[in-house]
Structures are given as structure tokens and as C-alpha cells.
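# Chains, contacts and geometry: an overview
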Amino acid sequence: MKTELISRVVTTTLATALAGIALAVPAEGATAAVPVHGGTHPASDSTALKAHVDTIMKTGTVGVVARSTGPHGARNATGGVADRATGDRARPGDRFRIASTTKTFVATVVLQLVGEGRISLDDTMEHWLPGVVSGNGNDGSKITVRQLLQHTSGLFDYTADFPEFASKAGYQANRYTTWTAEQLAAIGMRHAPNFQPGTGWSYSNTNYILAGMIIKKITGHDWTQEVTARIVRPLGLHDTFAPTTDSRIPGRHLRGYSAFDEAGPEIDVTALNPSAGGAAGAMISTTADLSRFYQALLGGKLLRPAQLAAMKTTVRASELDPGWAGARYGLGLMEVPLSCGSVYYGHGGDIPGYTTRNGFSADGRRGVVLNASGDGSSDSSSQQTQNDLIDDELCR
């Protein structure tokens, strides 16, 4: 699955935190300022956000929804359509597949279990999942939970050997297939590791499939149940779902379109059995819910200080440089330099038909979330215009 956060430039494989911030639905393609505690952003700020969305649209995306939050409230901007067949315009509350942004939710649950003393970041895979990480040079006794969450395990990314997300034909043949975590992990084990554990960094969805399996081993519940009980419900994320096998996106949503880098037009790829992504990228959300989540997380509402500090302890991730120059990676959390000299935290997500980008200040009080449907550009311009939106909003 193309749930990994690396842009197509790198590879063609895969956010007052608990406050209920109401969405105002603007006119088609418009920008809305949402007042919070009596304040609104200046009109110039809203105009700038809409201008960035319009620039992203010019790179070939089908629809864009963006939300910027800060001390003065929240603003939404949209562009394009949610559905090519009906011509319905994209709206701020549209749901979408968040792909690898799921990883921050899963890492948060694992770190909550660490804070409860039920698991250690230094525990090995063999301790929790005996025999699962083995064969072809893979050794679970040498890989720790921390290395899974930080992508320093060296394990092969199963999505690089996954036809469902490699071609139109592969998608059409397999989009309703139910996959178990064990099956997805086994795909990764068919390949030798990229490097010995702890000696490098490489993005691998296999790591988070295993993290989801560990959550189930410890709690007796599927990772989807734990994410829902520990994060989604307490935060009131009413538009966020951790689905298991339902191929639909419930309610009003952006439809996804992709050509899988093949000749010919993009096809509708909205229908998808989310088990293909599992704990690496199955979730559905909105810009408002993701904003609330990252605000709560970085504001210290979901993790104890020691675990939040561990999540934000990053290593260099040079593999991401073509998309995010100077990027570093913590435990399910990216750290990206800003042009104004600071950094932001978040986690991108890519799956055929959908691109999620987000960035938040270290305390979570300021942030941006956007999703773009369709493939976008064949070069780096879609990624760059999305980065520019985040950088401009956070450097104001």
C-alpha cells in the first residue's frame, strides 16, 4: 500500500486540544474563518490560505481541503471537487483516508502502554511476537519496540511487494480482499532486511503492522479498538474511524482517484478494504479531527511527559529529504525544519487517491492539516506547494 509518507519523488510505493471547534461550511471553493473565544484571523490570513490551496489545485489535484488553527481560531479553505461524477465541491468537513498519519495514533497507543508499565520500548519482537520476525536474515530477538516505531529496524517494507497498490489491475483485482496482520508481516519476512537493526533508517510499513500485533498481544484487543477507546472517543473525534474491513468511507467524503503511474486517466480508487493497510495506514478522518488529535497529543493530553519526550526524540531520516529537506523521525512523528528557523511535528500519509499533510508547533497550539485527492503532479510540484502552505501558515 502506498501508505508511506514518502512522496512520489522518493518512491511510488505508500493534529485548547479537546475543545469542540465547530466547522463553518463556506461557499464553493471559499475560505471560512471560525471564531474561537471571540477571535478570528485577519482576512489577509484567510486569503493567503485560499491562495495556497489554489496553487496546489494547479498541480493536478482533484480536490483539496485545508485547515489552519492557532490562538485566534481556525480557518478552512477548499478547492476542486469531492466527486468528479456529481461535481460536488470539496467541503471542509469532508472525510478522507489518512493513510500513514494512522501511525501517530498507533504509536500513541503503544506509548500509553509504556506509560502504564505494560511494555518497554526496549522489549524485543521475539519477546512479544515469538517466531513472527524470522527468516531471510530477519531476527526478532535483535529488534526492539523503539526501533519499530522509529523505522530503525531495517525490516523490508511489505508495500514494496504488494500488487494491490502497484497498478490499476492490481487494485481492481484486490481492493476488496481481507488481509490479516500476520499475512502482511509475512510479506515483509520474504525479504532480507535493509540493514542490521539500529544501524540505519528506512521507512517500512511492516514496522507498524507489527506494532498493531503487539497492541493486540498486550491488550487482547485489536489495535482499531484500542485507538478508538483511548483516543477517538475521549477526544470526541466524531469523524474519525479505525475501520477493519469495510471498504466504504462513511458519510460525505472526498473520492480518491489514481492512475498508479500508468498511462491513461485516473480511476476511482475510493473503495478499499482497509485491512491492506492495517495499523500502518487504515484510518479515516477530517482536517478538524486531525487538528484536534495533534493539538491534544503535543499539548500533553494523551501521553505522560516521559513518553511524549520519547516520541519527540528524533533521528535523521535522510531518505525523506527529496520531500522534506532535513527531516528527522521520532516514534510515529516527523520533525521538519521551517524556513523561519523552527520546526514542526506531524506525519504525512499517502495512499492511492489521497495525500495527507500536516504540521504542528511543538506545543500543538498552531497547526495545519490538508488533504489532496488525485495523483497530483508527476514531478515534485504538488509536494512542494503542500509544503509551502504548511511553512507559510506556521511561520506567520
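That block above? That's the structure.
Below you will find a few notes about this structure.

Rules used in this analysis
Residues numbered from 1 in each chain as written. Predicted model: local features only at pLDDT ≥ 70, side-chain atom pairs only at ≥ 80, totals over all residues. Heavy atoms only, no water. Buried < 20%, exposed > 50% of the residue type's maximum accessible area, 1.4 Å probe, protein only. Helix = DSSP H or I, 4+ residues; strand = E, 2+ residues; numbered from the N terminus. Pairing = 2+ DSSP bridges. 1 Å grid on protein atoms, 1.4 Å probe; cavity = no way out; pocket = protein on both sides within 12 Å on 5 of 7 lines; lining within 4 Å. Points joined across faces, edges and corners; volume = space filled by probe spheres on them. Nonpolar A, V, L, I, M, F, W, Y, C, P; charged D, E, K, R; others polar.

## Observations regarding the pairing of strand β15 (residues 354-360)
Counting buried residues along β15, 7 of its 7 residues qualify, which places the element largely inside the surrounding structure. Of the two faces of β15, both are covered, the one formed by Y354, T356, N358 and F360 as well as the one formed by T355, R357 and G359. Where strand β14 (residues 349-351) lies against β15, 3 bridges are found, and the strand directions are antiparallel. In the sheet register, G349 faces β15, and the bridge partner there is T356.

## Remarks on the layout of surface pockets
Counted as a void, the largest pocket has a volume near 410 Å³. Counting only elements with at least two residues in the lining of the largest pocket, the list comes to α6 (181-189), α7 (205-219) and α8 (223-235). Sorting elements by how many residues they give to the lining of the largest pocket places α7 first, with 5 residues. Its residues assigned to classes, the lining of the largest pocket shows 10 nonpolar, 8 polar and 4 charged.

## What to know about unusual backbone geometry
A negative phi holds for most residues other than glycine; trans holds for most peptide bonds. Unlike most non-glycine residues, A99 shows phi in positive territory, near 50°. Positionally, A99 belongs in the loop between β4 (96-97) and α2 (102-115). The phi dihedral of F260 falls on the positive side, at around 55°, and the residue is not glycine. Along the chain, F260 falls in the loop between β7 (257-258) and β8 (267-268).

## Looking at empty space enclosed by the protein
Gaps left between atoms show up when a probe the size of a water molecule is rolled over them. Reported here for the second largest cavity is a volume of approximately 60 Å³. As for the second largest cavity, its lining consists of G137, N138, D139, K142, I143, S153, L155, P193, F195, Q196 and P197. Considered class by class, the residues forming the lining of the second largest cavity number 5 nonpolar, 4 polar and 2 charged.

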